[in-house]
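# Breakdown of the fold
Chain by chain, the residues:
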Amino acid sequence: MMELIAQNMAPIMFVSLIVFLLIGYPVAFALGANGLLFFVIGVELAPLSNGSINLSWPLLRAIPDRFFGGVVANETLLAVPFFTFMGIVLEKSGMAEDLLDTIGQLFGPVRGGLAYAVIIVGALLAATTGVVAASVIAMGLISLPIMLRYGYDRRVATGAIAASGTLAQIIPPSLVLIILADQLGRSVGDMYKGALIPGLILVGLYLLYVVAISLLKPQWAPAFQADDGAPRGWRPLLAGLIPPLLLIAAVLGSILTGKATPTEAAGVGAFGALLLAAGNRHLNRQILGQVVRATSRVTAMVFMILIGASLFSLVF
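All values reported here derive from a predicted model rather than from experimental measurement.

Quick look at the overall build of the protein now. Per the secondary structure count, the protein includes 14 helices and zero strands. Helices and strands in the protein line up, N terminus first, as α-α-α-α-α-α-α-α-α-α-α-α-α-α. Across the 316 residues in the protein, those meeting the buried criterion constitute 44%. In the protein, the proportion of contacts linking residues at least 24 apart, taken out of those at least 6 apart, comes to 76%. Per element, the accessible surface of the protein, about 16,200 Å² overall, is 68% carbon and sulfur.

With that settled, the discussion passes to the packing of helix α5 (residues 79–92) against helix α13 (residues 262–279). Two numbers describe how α5 lies on α13: the axes approach to 8 Å, and their chain directions differ by 20°. Considering their axes alone, α5 and α13 lie roughly parallel with respect to each other. Where α5 crosses over α13, the two elements pack in a sense that is left-handed. In contact with Ala79, Phe82, Phe83, Phe85, Met86, Val89 and Leu90 of α5, α13 contributes Pro262, Thr263, Ala266, Gly267, Gly269, Ala270, Ala273, Leu274 and Ala277. Classifying every residue of the contact of α5 with α13 by side-chain character gives 13 nonpolar, three polar and no charged.

Moving on, we come to the nonpolar core. Proteins that are soluble and globular tend to have nonpolar side chains buried together. Counting residues in each nonpolar core, the largest one holds 64 residues, and the members touching the most others are Phe83, Met147, Tyr152, Ile178 and Tyr192. With 12 residues, the single largest contributor to this core is helix α7 (residues 113–129). Beyond its immediate sequence surroundings of up to four residues, isoleucine 178 is in contact with Thr76, Leu77, Ala79, Val80, Phe83, Val188 and Tyr192. In this structure, Met13, Ala30, Phe38 and Phe39 belong to the second largest nonpolar core, which totals 11 residues.

In this section: the pattern of salt bridges. For the structure shown, the criterion picks out two salt bridges. In this structure, aspartate 153 engages arginine 155 in a salt bridge whose closest nitrogen and oxygen atoms are separated by 3.2 Å. Residue class for aspartate 153 comes out buried when judged on its relative accessible area of 16%. By relative accessible area, which is 59% here, arginine 155 ends up exposed. Between aspartate 190 and arginine 186 there is a salt bridge; the shortest N-O distance is 3.9 Å.

With 12 residues, helix α9 (residues 154–165) extends 16 Å from end C-alpha to end C-alpha; this agrees with the ideal 16 Å at 1.5 Å per step. Along α9, the positions that sit buried rather than exposed are Val156, Ala157, Ala160, Ile161, Ala163, Ser164 and Gly165. Where α9 begins, the side chain of aspartate 153 points an oxygen toward the backbone nitrogen of arginine 155, at a separation of 3.0 Å.

Since one α-helical turn is 3.6 residues long, residues separated by three or four positions face the same way. Here helix α2 (residues 9–23) contains 15 residues, and its C-alpha end-to-end distance of 21 Å stays within 8% of the 21 Å for a straight helix at 1.5 Å per residue. By the burial criterion, the buried members of α2 are Met9, Met13, Ser16 and Leu17. The buried residues of α2 all sit within an arc of 105° when viewed along its axis, so they share a single face. Backbone geometry just after α2 places glycine 24 at a positive phi near 120°.

The interhelical angle for the contact between α5 and helix α14 (residues 285–315), taken along N-to-C directions, is 140°, at an axis separation of 9 Å. Classified by the interaxial angle, the pair formed by α5 and α14 is oblique. As for how α5 packs across α14, the hand of that crossing is right-handed. The residues of α14 that touch α5, namely those facing Val80, Pro81, Thr84, Phe85, Ile88, Val89 and Lys92, are Ile287, Leu288, Gln290, Val291, Val292, Ala294, Thr295, Val298, Thr299, Val302 and Phe303. Residue composition of the contact of α5 with α14, by class: 13 nonpolar, four polar and one charged.

Before going further, it helps to spend a moment on the packing of aromatic side chains. Within this structure, the stated rule accounts for one aromatic pair. Measuring from centroid to centroid gives 5.4 Å for phenylalanine 20 and tyrosine 25, while their planes differ by 45°, and the two rings are tilted.

Its location among the elements puts threonine 295 in helix α14. Residue class for threonine 295 comes out buried when judged on its relative accessible area of 8%. In sequence terms threonine 295 and phenylalanine 82 are 213 residues apart; their C-alpha atoms lie 8.6 Å from each other. Excluding anything up to four places from it in sequence, threonine 295 contacts Pro81, Thr84, Phe85 and Ile88.

Cut-offs used in this document
Counting from 1, residues in each chain are numbered in the order their sequence is written. Per-residue local features of the predicted model are confined to residues with pLDDT of at least 70, and side-chain atom pairs are confined, for both listing and counting, to 80 or more; whole-chain, interface and lining totals are unaffected and use all residues. The side-chain quantities take in all heavy atoms of the structure and omit both hydrogens and water. Under the scheme used here, helices are H or I runs from DSSP no shorter than 4 residues and strands are E runs no shorter than 2 residues, and both carry numbers assigned from the N terminus. Buried, partly exposed and exposed residues are distinguished by accessible area as a fraction of the type maximum, computed with a 1.4 Å probe on protein chains only: under 20%, between the cut-offs, and over 50%, respectively. Note on definitions: a residue-residue contact is assigned when non-hydrogen atoms from the two residues lie within 4.5 Å. All accessible areas in this document rest on Shrake-Rupley with a 1.4 Å probe, and a residue is counted as covered only by the protein chains that are shown. Axis definition: a line fit to C-alpha positions, over the contact stretch in the case of helices; interaxial angles, taken between N-to-C directions, run 0 to 180 degrees. The scheme is simple: roughly parallel for angles under 35 degrees, roughly antiparallel for over 145, roughly perpendicular for 65 to 115, oblique for anything else. In this scheme, a crossing is called left-handed if the near helix is turned counterclockwise away from the far one by less than a right angle; it is called right-handed if the turn is clockwise. Just so you know the grouping, Ala, Val, Leu, Ile, Met, Phe, Trp, Tyr, Cys and Pro go in nonpolar, Asp, Glu, Lys and Arg go in charged, and all remaining residues, Gly too, go in polar. Within this scheme, the nonpolar core is defined by two criteria: the residues are buried Ala, Val, Leu, Ile, Met, Phe, Trp, Tyr or Cys, and they are joined through side-chain atoms within 4.5 Å. The salt bridge criterion pairs a side-chain nitrogen of Lys or Arg with a carboxyl oxygen of Asp or Glu, the two atoms within 4 Å. Residue count minus one, scaled by 1.5 Å, sets the expected span of a helix. In protein, a polar contact means a hydrogen-donor-capable atom and an acceptor-capable atom, both N or O and within 3.5 Å, with residues adjacent in sequence counting only if both atoms are side-chain atoms; elsewhere, any N or O pair within 3.5 Å suffices. The directions considered for the arc run from the helix axis to the C-beta atoms. Only Phe, Tyr and Trp rings are paired, with Trp represented by its six-membered ring, and only when their centres lie within 6.5 Å; those with planes under 30 degrees apart are stacked, over 60 edge-to-face, the remainder tilted.

Set out below in structure tokens:
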């Protein structure tokens, strides 16, 4: 029995990780704990594995080098806190709400217009934040009550919000793509170029789904009219659209054209988000404190996951 376990340690380790995650343990600690646990088991079972396990206690000395060399001292990963800061500034300052209102006015008279607005705004937020939590929270808090109030089916409303919120995983500047670029040894610019077209195709498929819903089940996605007191005309619409689009162009354009490194572009994006929030008079000391605390939590979570994954992969 012990020999069978020793010769199948890799699949057992992987299944164990899935079990830990399903139980509810945080990802970072599940990865690290599994790595340490199976390191000890692997060292004890190595004599029974017929050479399939090559673990020994001195291998633990390699762990600090992997932490500091592969994670802490990695310049590419410096883009993570900057992009996180940029996204949370847009969320906390209310600019995401303004953007949704602007797009909502454009699609208001169209059946399913709010769902279109949510998907498009989700894509724009994904291109300015790179953080899934910021997009989903902003969309959920802002648009879900409005959609339900105007008679949208709950499944259509929540599906549009959840799907568009997770676009931040694939549409640049995505934090996931930065981490994948580091792990795969490729440039972040190449990863962004490769993910841009699939991300836009995904947005198009979401929009087509809403079109189908509005044709087959029109009662699920009724038309939406903005409040009578809402500003109308092209000037307020352009004022709500142009600043985020300029921010997207500044960040992604500088990376894709090679004018700036991802870390430099992320710094520019964070500073640009601060300028936009200050220009819209949505920035004060309280909001800035909330942004800094939220950025610290998200960044710490990302780096803890990287450290746990480094330990897990070393043993695996």
